[in-house]
Amino acid sequence: MSEFNKAPALVLLPAVDVAGGKAVRLTQGQAGTETFHGDPVDAALDWISQGAEWIHLVDLDAAFGRGSNLSVIKKVIRQAKGVNVEVSGGIRDDTSLETALESGAKRINLGTAALENPEWAAHVIAQYGEAIAVGLDVRGTTLAARGWTQDGGDIWNVMERLEEAGCARYVVTDVTKDGTLKGPNVELLRQVMERTSRPVIASGGISSLDDLAELRALVPLGLEGAIVGRALYSGAFTLAEALDVASD
């Protein structure tokens, strides 16, 4: 394939998940499965030094409704100069959304709010456009809400509503894969991309460079990016290696 008709690179978003002020990783999104990885600012700066252009920053305590790491989130965004930060976790009203955007986040992922408060979600999608993505966290075809502790309805019904609202982007996570290093749910991603012309970001299960190559092949179908967490933290591959595969 020549340089002139080469598909765009798969955008990689290294994850920095924050709980109790620390960078952590969960297995299948379950509280109590944390592995700790130090200071969130250090984690973000490490990924940036290795070439990251985006950081996927999650306030797990806010997502679970058990507190907030707002000061840490703001500090990470301030320190992450020159890169884009996507923020997720507990953003369910105008105040939390505006606070995140005013902190310098490039994009906000709505999760539970998009399921439980569709009118508000449609309003902010219309108001903020590209600054809003919706996270579709799925078990089978059932969406997960409230830090993945409650059912949030059928994914296809919710997607139909979000398409009508003009949702700019979807972040798709197979909850059963997240943090397991068992590979991404490519079939789920394909099904989502068949139902939208909007860009899709994959999340959950990435374990190897082969997984990234498989996702890279989906770029012409509408896959824009991939969030990578445990595989990077566990040393399965380096971010530089991942970026090479994502752009190949």
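Cut-offs and rules
- Residues numbered from 1 in each chain as written.
- Predicted model: local features only at pLDDT ≥ 70, side-chain atom pairs only at ≥ 80, totals over all residues.
- Heavy atoms only, no water.
- Phe/Tyr/Trp six-rings, centres within 6.5 Å; stacked < 30°, edge-to-face > 60°.
- Helix = DSSP H or I, 4+ residues; strand = E, 2+ residues; numbered from the N terminus.
- Lys NZ or Arg CZ within 6 Å of the ring centre and 35° of its normal.
- Buried < 20%, exposed > 50% of the residue type's maximum accessible area, 1.4 Å probe, protein only.
- Lys, Arg positive; Asp, Glu negative; His and termini not counted.
- Salt bridge = Lys/Arg side-chain N within 4 Å of Asp/Glu carboxyl O.
- Polar contact = N/O pair within 3.5 Å; in protein donor to acceptor, adjacent residues only side chain to side chain.
- Pairing = 2+ DSSP bridges.
- Contact = heavy atoms within 4.5 Å.
- Axes fitted to C-alpha atoms, helices over the stretch in contact; angles between N-to-C directions.
- Parallel < 35°, antiparallel > 145°, perpendicular 65-115°, else oblique.
- Left-handed = near helix turned anticlockwise from the far one by under 90°.
- Nonpolar A, V, L, I, M, F, W, Y, C, P; charged D, E, K, R; others polar.

**Q** Go over the packing of aromatic side chains, please, and point to the residues and values.
**A** According to the stated counting rule, one finds one aromatic pair in the structure shown. With centroids separated by 5.3 Å and ring planes inclined at 85 degrees, the aromatic side chains of Trp47 and Tyr233 adopt a geometry described as edge-to-face. Note that Trp47 is positioned in helix α1 (residues 40-49) and Tyr233 in helix α10 (residues 230-233), a separation of 186 residues in sequence. Taking NZ or CZ as reference, Arg107 lies 4.2 Å from the ring centre of Trp54, over its face.

**Q** An account of the side chain of Arg216 is needed here, citing residue identities and associated values.
**A** The residue Arg216 is located in helix α9 (residues 209-216) in this model. Buried charge Arg216 goes without a salt bridge, the closest partner of opposite sign being Asp248 at 6.9 Å. Among the polar contacts listed, one links the side chain of Arg216 to the backbone oxygen of Ala246, at a separation of 2.8 Å. A distance of 3.3 Å separates the side chain of Arg216 from the backbone oxygen of Asp248, its partner in a polar contact.

**Q** A description of the pairing of strand β5 (residues 84-88) should follow, citing residues and the corresponding values.
**A** Within β5, four of the five residues are buried, which leaves the element mostly enclosed by the surrounding structure. Both strand β4 (residues 54-59) and β5 contribute to a ladder of five bridges, which runs parallel. Residue pairing across strands places Ile55 opposite Val85, the latter belonging to β5. Examined bridge by bridge, β5 and strand β6 (residues 107-110) share three bridges and lie parallel to one another. Across the sheet, residue Val87 finds its bridge partner in β6, namely Ile108.

**Q** I'd like a description of the environment of Ala165, backed by residues and values.
**A** Inspection of the secondary structure puts Ala165 in helix α7 (residues 155-165). Note: C-alpha distance between Ala165 and Ala122 (43 residues apart in sequence) is 5.3 Å. Apart from the residues lying within four places of it in its own chain, the contact partners of Ala165 are Ala122 and Ile125.

**Q** Describe the packing of α1 against helix α3 (residues 70-79), naming the residues involved and giving the relevant values.
**A** Between α1 and α3, the least distance of the axes is 9 Å, while the angle of their chain directions is 30 degrees. Between α1 and α3, the crossing angle belongs to the class labelled roughly parallel. Relative to α3, α1 is oriented so that their crossing is right-handed. Judged by residue contacts, Pro40, Val41, Ala44 and Leu45 of α1 engage Val72, Lys75, Val76 and Gln79 from α3. Of the residues assigned to the contact of α1 with α3, the class counts are six nonpolar, one polar and one charged.

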